[in-house]
Each structure stands twice: as C-alpha cells, then as structure tokens.
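Breakdown of the fold
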Amino acid sequence: MKKIFWLGVGITIGVIAARKIAAAQGAIGPEGLNRAVGRVSDAVHDFADALRENMDERENDLRLALGIDQAPSVSRFDARR
C-alpha cells in the first residue's frame, strides 16, 4: 500500500514540475517578455489613473472645506473623458 501511495506522490510531483517547466519556457522568449511588459504597463497605467482620480477628489474636498470653491467643479480626470 505504501508503494502505491509513493508512486502517486511521485507522479503528482512529476506532473507539477512538467507544468512549471512548460510555463517557464513560454515566459522566456520574446513573446513572454512582451506579455510581461504589457501587464506591467497596464498595471502602472491603471494605478496612475486611480491616483489621479483620487487626487482630484481630495483636492475638491479640501477646496470645499476651505471655502475656496462653493460648488463642486468638474475634475480634470472627468473633463478628459
């Protein structure tokens, strides 16, 4: 019974290792590099958009709190759309 168990463990480890190696080989070439750079670029772009939007919201909140603006204005982020 132990031999069957260890055989199953060995097969499972072999399958997992083969999948990891295949994924690593796909990420090494130029296509993999392009995908990785594209993902990073998209993440940075999304982060910058969220940051810009939150900065505009906070600036409007501070302007209203200080009495500089009486009515909420259209933010620069919304104006670009």
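In this text the structure is predicted, and so the values were computed from the model without any measurement.

1. Topic: the overall build of the protein chain
Scanning the protein chain from terminus to terminus reveals three helices and zero strands. When each of the 81 residues of the protein chain is scored for burial, the buried share is 7%. Working note: accessible area of the protein chain is about 7100 Å², and carbon and sulfur atoms make up 65% of it.

2. Looking at the confidence of the model for the protein chain
On average, residues of the protein chain score 85 in pLDDT, and 85% of them are at 70 or above. Within the protein chain, the lowest mean pLDDT, 58, falls on helix α3 (residues 76–79), and the highest, 91, falls on helix α2 (residues 30–66).

3. Digging into α2
Here α2 spans 53 Å end to end across 37 residues, near enough to the 54 Å set by a 1.5 Å rise per residue. For α2, every residue scored as buried is listed here: Gly32, Asp49, Asp56 and Asn60. One or two residues past the end of α2 sits Gly67, with phi positive at roughly 80 degrees.

Cut-offs used in this document
Residues numbered from 1 in each chain as written. Predicted model: local features only at pLDDT ≥ 70, side-chain atom pairs only at ≥ 80, totals over all residues. Heavy atoms only, no water. Helix = DSSP H or I, 4+ residues; strand = E, 2+ residues; numbered from the N terminus. Buried < 20%, exposed > 50% of the residue type's maximum accessible area, 1.4 Å probe, protein only. Areas by Shrake-Rupley, 256 points an atom, 1.4 Å probe, with all protein chains shown as cover. pLDDT = per-residue confidence, 0-100. Expected span 1.5 Å × (residues − 1).

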